[in-house]
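Per-entry structural report
Here is what each chain is made of, one letter per residue.
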Amino acid sequence: MVAAIVATLNDAAKSAGIEVSALQRVGVGSPGTVDPESGSVAHADNLPGWSRTYPLRSKLQEKLGVPVAVGNDVSVATEAEFRLGAGRPYQSLLSVFWGTGVGGGLILGGHSWHGRGGAGEIGHMVIKRGGARCPCGRRGCMEAYAGRAAMERRARKRHAKGQKTALMKIMRERGRTRMTSGVWARALERDDELAIELVDRAVEALGAGIASAINLLDVEAVIIGGGLGSRLGEPYRQRIAEAMQPHLFNDQRPPDVHLAELGDLSGALGASLLPAPPMLVAA
Ligand SMILES: [Zn+2]
């Protein structure tokens, strides 16, 4: 992983016509639990084989020779939307990255809220006790209904049981081995029954989970991003806002719901905004 990051960074620097050593610092948005002091990363479970704590920052610094700051990928993307994107008008917001999983980030009183390092896991809000199995191993999480990985698992199961669907065909036509956001979007365009059913189910789950978070936090805005969120776009932003409504306690004053503005770049932009690691400021 470190070798791949170093190679990518060298390529990027080359095409920008600069040396990596001329950079003030490098920001990294990583999945998993990031220790902001040491820059080590643990539980990056969606990267195969990465569950134990790994000193990502010091390893990268060693190879690059410039200061490296590491943050959680969803947190840095949230910070980017807050400072540069759809969250600019607000002092408090909840970001929801609807993709393979469902990640979340929080800005409260103008500052990111990380809790003890694990805050923002909105995908694992329980929306149905004893409900569908979540990729995290628990039951009834929002992600068990709305995460792309969980949706794909269900679609494959239903297909194997004989349900007709264009999802498999579209996936093959597009040379994919996974049901990407584009595959889902195309299936919806073709009025595929199974795709419509599973996406509707996802929207209902998002409505319940996000509204529950709003009942607790009462933030000003919800920012919807992620692969599926961005690909499905405006009509689904509106549908999610509508699906939230019956679950909102303060239903006369729903939060603003926006699409993320920075798309795939939010992670990279947010990582570049990370402050220099404390121990390196003096050096
Ligand atoms: Zn879960």
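Presented here is a report on the structure given in the accompanying data block. (Residues numbered from 1 in each chain as written. Predicted model: local features only at pLDDT ≥ 70, side-chain atom pairs only at ≥ 80, totals over all residues. Heavy atoms only, no water.)

1. What about the coordination of the zinc ion?
- Listed as protein donors to the zinc ion are His124 (ND1), Cys134 (SG), Cys136 (SG) and Cys141 (SG); their distances from the metal cover 2.0 to 2.4 Å.
- When the donors of the zinc ion are listed by position in the chain, the intervening gaps give H-x9-C-x1-C-x4-C.
- Residue Cys134 is classed as buried on the basis of its relative accessible area of 2%.
- Classification of Cys136 as partly exposed rests on a relative accessible area of 29%. (Donors = N, O, S within 2.8 Å, 3.2 Å for Na, K, Ca; no water. Buried < 20%, exposed > 50% of the residue type's maximum accessible area, 1.4 Å probe, protein only.)

2. Comments concerning the sheet that holds strand β6 (residues 102-108)
- Strand order in the open sheet formed by five strands is β7-β6-β5-β8-β9, and the pairing between neighbours is mixed. The open sheet is flanked by β7 (111-112) and β9 (256-259), the only strands paired with a single partner.
- Where strand β5 (residues 93-98) lies against β6, six bridges are found, and the strand directions are antiparallel. Looking at β6, one finds that Val96 is bridged to Gly104.
- Across the face of the sheet, helix α8 (residues 193-217) comes into contact with β5, β6 and β8 (221-225) while running at roughly 160 degrees to β5.
- Contacts between helix α10 (residues 234-244) and the sheet are confined to β5, β8 and β9, with β9 contributing the most and set at about 155 degrees to the helix. (Pairing = 2+ DSSP bridges. Helix = DSSP H or I, 4+ residues; strand = E, 2+ residues; numbered from the N terminus. Contact = heavy atoms within 4.5 Å. Axes fitted to C-alpha atoms, helices over the stretch in contact; angles between N-to-C directions.)

3. Some details on a positive patch on the surface
- Taken together, the side chains of Arg133, Arg139, Arg153, Arg154, Lys157 and Lys161 present a region of like positive charge at the surface.
- One can find Arg133 in the loop between β7 and α4 (143-146). (Patch = residues over 30% accessible without salt bridge, like charges linked within 9 Å, V, L, I, M, F, W, Y side chains within 5 Å. Areas by Shrake-Rupley, 256 points an atom, 1.4 Å probe, with all protein chains shown as cover. Salt bridge = Lys/Arg side-chain N within 4 Å of Asp/Glu carboxyl O. Lys, Arg positive; Asp, Glu negative; His and termini not counted. Charge placed at Lys NZ, Arg CZ, Asp CG, Glu CD.)

4. Here's the deal with the nonpolar core
- In terms of nonpolar packing, the biggest core is built from 49 residues, with Leu94, Val96, Trp98, Leu167, Trp184, Leu206 and Ile210 touching the most fellow members.
- Here the element with the most residues in this core is α8; it accounts for twelve residues.
- If we ignore the near neighbours within four places in the chain, the residues touching Ile210 are Leu94, Val96, Ile122, Met142, Val222, Ile224, Ile240 and Met244.
- Ranked by size, the runner-up nonpolar core spans 17 residues in total, among them Val26, Val41, Ala44 and Trp50. (Core = buried A, V, L, I, M, F, W, Y, C linked by side-chain atoms within 4.5 Å.)

5. Comments concerning helix α2 (residues 56-64)
- If you check which residues of α2 are buried, you get Leu56, Arg57, Leu60, Gln61 and Leu64. Buried residues of α2, viewed axially, fall in a sector of 125 degrees; they line one side. Counted as exposed and oriented over 90 degrees from the buried face of α2: Glu62 and Lys63.
- Trailing α2 by a residue or two, Gly65 shows a phi angle of about 75 degrees, which is positive. (Arc of directions from axis to C-beta.)

6. Details of the layout of surface pockets
- Each pocket or cavity is described by its volume, and for the second largest pocket that value is around 500 Å³.
- Residue lining of the second largest pocket: 21 residues in total, with Ile5, Gly27, Val28, Gly29 and Ala271 positioned closest to the centre.
- Those elements that place two or more of their residues in the lining of the second largest pocket are α1 (2-16), β1 (26-30) and α11 (266-272).
- Ranked by residue count, the leading element in the lining of the second largest pocket is β1, at five residues.
- In the lining of the second largest pocket, the residues fall into 13 nonpolar, six polar and two charged. (1 Å grid on protein atoms, 1.4 Å probe; cavity = no way out; pocket = protein on both sides within 12 Å on 5 of 7 lines; lining within 4 Å. Points joined across faces, edges and corners; volume = space filled by probe spheres on them. Nonpolar A, V, L, I, M, F, W, Y, C, P; charged D, E, K, R; others polar.)

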